[in-house]
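# Chains, contacts and geometry: an overview
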Amino acid sequence: MADLLAQVPKKKIRLGLPATQWITVYNAHRPMKQRYHYNVANTRVDQHVEKGNDDGLYISSVACCHELWALIMDAGTGFAAQVCTLLLVSLYTGSA
């Protein structure tokens, strides 16, 4: 009798709130050529930008914190040329 009970599938009961479900809708477009770099030192930013430009990529987003850079480069910016200048001098933040 115990063997028969072990073979009968048990009904799973879910307790609590129902799971939240997400539906993601994508717009159909051609795949985009994109590259990102993070934790890039000041001395290497130019190398990454130059290599990206050689591959037809231009900077679409940039951020810096504690002299480490994050760069996002892609071919969908619509740019044909871009000027990139890195200044190692901070903006003055003294009191007025």
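Up top is the structure these notes are about.
Here the structure is a predicted model, which means the values were calculated and not measured.

Another point: the overall build of the protein. The secondary structure content of the protein amounts to two helices and three strands. Buried residues in the protein amount to 15% of all 96 residues. A fraction of 48% describes how many contacts in the protein between residues 6 or more apart in sequence connect residues 24 or more apart. Total accessible area computed for the protein in this model is approximately 9200 Å², and 58% of it derives from carbon and sulfur atoms.

Together, Tyr-36, Tyr-38 and Ile-72 make up a nonpolar patch on the protein surface, roughly 360 Å² of accessible area in all. Examined against the element boundaries, Tyr-38 turns out to sit in strand β1 (residues 34–41). A residue is classified by how much of its surface remains accessible, and Tyr-38, at 56% relative accessible area, is exposed.

Following the criterion strictly, the structure yields one aromatic pair and no others. Here the aromatic rings of Tyr-36 and Tyr-38 are separated by 6.0 Å at their centres, their planes lie at 15 degrees, and the arrangement is stacked. Of the two residues, Tyr-36 and Tyr-38, neither departs from the other in class, the shared state being exposed.

Further remarks concern the pairing of strand β2 (residues 58–65). Where β2 and strand β3 (residues 68–74) come together, seven bridges link them in antiparallel fashion. Across the sheet, residue Cys-65 finds its bridge partner in β3, namely Leu-68. Connecting the antiparallel pair β2 and β3 is a turn made up of two residues, with His-66 showing a positive phi of about 55 degrees.

The final tally for this structure, using the stated rule, is two salt bridges. With a closest N to O distance of 2.8 Å, Arg-35 and Asp-55 form a salt bridge. Here Arg-35, found in strand β1, pairs with Asp-55, found in the loop between α2 (45–54) and β2; they are 20 residues apart in sequence, far enough to count as distant. The partner of Lys-51 in a salt bridge is Asp-55, with the nearest N and O atoms 3.2 Å apart. Three or more residues joined by partner-sharing salt bridges are found here, namely Arg-35, Lys-51 and Asp-55.

Rules of the game
- Residues numbered from 1 in each chain as written.
- Predicted model: local features only at pLDDT ≥ 70, side-chain atom pairs only at ≥ 80, totals over all residues.
- Heavy atoms only, no water.
- Helix = DSSP H or I, 4+ residues; strand = E, 2+ residues; numbered from the N terminus.
- Buried < 20%, exposed > 50% of the residue type's maximum accessible area, 1.4 Å probe, protein only.
- Contact = heavy atoms within 4.5 Å.
- Areas by Shrake-Rupley, 256 points an atom, 1.4 Å probe, with all protein chains shown as cover.
- Patch = residues over 30% accessible without salt bridge, like charges linked within 9 Å, V, L, I, M, F, W, Y side chains within 5 Å.
- Salt bridge = Lys/Arg side-chain N within 4 Å of Asp/Glu carboxyl O.
- Phe/Tyr/Trp six-rings, centres within 6.5 Å; stacked < 30°, edge-to-face > 60°.
- Pairing = 2+ DSSP bridges.

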